[in-house]
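Chain by chain, the residues:
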Amino acid sequence: MKDACEKCEKSLPPDSDEAHICSYECTFCRSCVEGPLNHTCPNCGGSFEQRPKRQSS
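It should be emphasised that the depicted structure is a prediction, and the values quoted were computed from it without experimental measurement.

Topic: the packing of aromatic side chains
Aromatic ring pairs are reported here in terms of the distance separating the ring centres and the angle at which the planes meet.
(1) Moving on: For the structure shown, the criterion picks out one aromatic pair.
(2) Moving on: Their ring planes at 80° and their centres at 5.5 Å tell us that Phe-28 and Phe-48 sit as a pair that is edge-to-face. Note that Phe-28 is positioned in strand E2 (residues 27–29) and Phe-48 in the loop between helix H1 (30–34) and strand E3 (49–50), a separation of 20 residues in sequence. The burial state of Phe-28 is the same as that of Phe-48; both residues are buried.

Quick look at the structure:
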């Protein structure tokens, strides 16, 4: 589980509501997904879903 947005490097802890992933688990924050990325992964061309949460350790 990546801990930062691949575009803007915003911190995305395991329990973050902001994290979104594609089917290859490329990880971006909500602001980048909804803004400059226009809901399309720049690495694979896939769409995004909200990343499942995990309890912080």
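From this point, the discussion proceeds with the structure in view.
So, the sheet that holds E2
(1) Moving on: If you trace the three strands from one edge of the open sheet to the other, you get E2-E1-E3, paired in antiparallel fashion. Only two strands of the sheet have a single neighbouring strand rather than two, namely E2 and E3.
(2) Moving on: Two elements, strand E1 (residues 19–21) and E2, share three bridges in a ladder whose sense is antiparallel. Bridge pairing in E2 places Ile-21 opposite Thr-27.

What counts as what
Residues numbered from 1 in each chain as written. Predicted model: local features only at pLDDT ≥ 70, side-chain atom pairs only at ≥ 80, totals over all residues. Heavy atoms only, no water. Phe/Tyr/Trp six-rings, centres within 6.5 Å; stacked < 30°, edge-to-face > 60°. Helix = DSSP H or I, 4+ residues; strand = E, 2+ residues; numbered from the N terminus. Buried < 20%, exposed > 50% of the residue type's maximum accessible area, 1.4 Å probe, protein only. Pairing = 2+ DSSP bridges.

These results come straight from atomic positions and should not be treated as a statement about function.
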